[in-house]
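# Structural characterization, general
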Amino acid sequence: MDIILAPWPWYVAGPLITLTMFLLFYFGKRLGISSNLENLCAIGGAGKLVDFFKFDWRSKSWNLMVVLGIAIGGFIASHWLTSSDAVILNPKTIIDLDALGFKNAGAYFLPSEIYSLDAMLSLKGFLILIGAGFLVGFGSRYAGGCTSGHGIVGLSNLEIPSFIAVAGFFIGGLIMTWFIFPYLF
Amino acid sequence: MKNFKFLLIGIFFGIVLTKSEVISWFRIYEMFKFQSFHMYGIIGSAVILGIPLMYLFNKQKIKTNQGVAVKIELREKGLSKNLLGGIIFGLGWALGGACPGPMFALIGKGIIPIVVVLFGAVLGAFAYHGIKHKLPH
């Protein structure tokens, strides 16, 4: 049981993600999580404002079931399959984060400086959360995919657009982490 | 219920994302700081195993449960859309430490602030389709 309760190493997680992709293709679907952001818009009535969202989201209900499942999986894994919420980090990472103002990095899954209720209820914290989400939603639909659709499926299928998109993911991520974080935190 | 199998696949995927700590903001931060192999190992091993799998699907050596060839919808070409969209996505991924899949897993974990992030993501997808005719693709 210890081996289940401890964090799973990359060489377990990577192949299991490939298995997820296989299962979806086996049932005739292409893994792609960010499409659900459009499905949620359509459910919310965005078709009244933007024609794109007039599609029948019920035809995408399989994908909404996948993300509902992910949430249930997140619940199961964190409540019943995890013994500690600490994340073991490279000491250098802890020092770097401390210099940015993140205390006790790795003590919990998420930094309290961003993901605590106090942070959420402050103006700056709220803008960081909603801004991060906005960039992810806007960028993933602009690029036509996120880490799953481009990063896993597209790269596996050797699709040129996915190589370009993943290069973009890294350019954006590096700019944020190395150049913007010192001004934000 | 024909969609039940997709719920089960999602549950499995959510457990994998959570147990491998892909849903942790810290794992994304250390990836962009090149201070850990973890995320590179996960994405790298998934893709290295995925390449022969996709080859077999494309060659129709593996078929769907209906016995037909898999129809793989290819991603649209376009240097501007993939590169600019990718960069915008990357900025948000590093800031929030969560891409769309992990956002849902974190809701399951009971992290209330992630709802704000997900709301922002839905808003972002809406905004993109509202102004896409003005953007380079």
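Quick summary incoming for the structure in this document.

So, how was this worked out
- Residues numbered from 1 in each chain as written.
- Chains lettered and ligands numbered in written order.
- Predicted model: local features only at pLDDT ≥ 70, side-chain atom pairs only at ≥ 80, totals over all residues.
- Heavy atoms only, no water.
- Helix = DSSP H or I, 4+ residues; strand = E, 2+ residues; numbered from the N terminus.
- Buried < 20%, exposed > 50% of the residue type's maximum accessible area, 1.4 Å probe, protein only.
- Contact = heavy atoms within 4.5 Å.
- Areas by Shrake-Rupley, 256 points an atom, 1.4 Å probe, with all protein chains shown as cover.
- 1 Å grid on protein atoms, 1.4 Å probe; cavity = no way out; pocket = protein on both sides within 12 Å on 5 of 7 lines; lining within 4 Å.
- Points joined across faces, edges and corners; volume = space filled by probe spheres on them.
- Nonpolar A, V, L, I, M, F, W, Y, C, P; charged D, E, K, R; others polar.

A word on the overall build of chain B. The helix and strand tally for chain B stands at six helices and zero strands. Order of helices (α) and strands (β) in chain B, N terminus to C terminus: α-α-α-α-α-α. C-alpha extents for chain B along the principal axes are approximately 45 × 40 × 40 Å. The buried share among the 137 residues of chain B stands at 61%. Taking as baseline every contact in chain B between residues at least 6 positions apart, the subset at least 24 positions apart corresponds to 39%. When the accessible surface of chain B is split by element, carbon and sulfur atoms take 67% of a total near 5600 Å².

The next point concerns the layout of surface pockets. Rolled over the atoms, a probe with the dimensions of a water molecule shows which regions are left empty. As a volume, the largest pocket reaches approximately 690 Å³. Along the wall of the largest pocket there are 25 residues; nearest its centre are Ser35(A), Glu38(A), Arg141(A), Glu73(B) and Arg75(B). Those elements that place two or more of their residues in the lining of the largest pocket are α3 (35–43) and α4 (61–80) of chain A together with α6 (114–131) of chain B. In terms of residue count, α3(A) provides more of the lining of the largest pocket than any other element does, three residues in total. Of the residues contributing to the lining of the largest pocket, the split by class is six nonpolar, eight polar and eleven charged. Approximately 170 Å³ is the volume attributed to the second largest pocket. As for the second largest pocket, its lining consists of 15 residues, and the residues nearest its centre are Phe27(A), Lys29(A), Lys2(B), Lys5(B) and Phe6(B). Residue assignment for the lining of the second largest pocket shows that the elements contributing at least two residues are α4 of chain A together with α1 (4–19) of chain B. Taken together, the residues that form the lining of the second largest pocket break down as four nonpolar, seven polar and four charged.

Attention now goes to the side chain of Lys33(B). Within the secondary structure, Lys33(B) sits in the loop between α2 (25–32) and α3 (38–58). Sequence-distant contacts of Lys33(B), that is, excluding residues within four places in its chain, are made with Asp96(A), Thr177(A) and Trp178(A).

Functional significance is not addressed by these values, which are geometric in nature.
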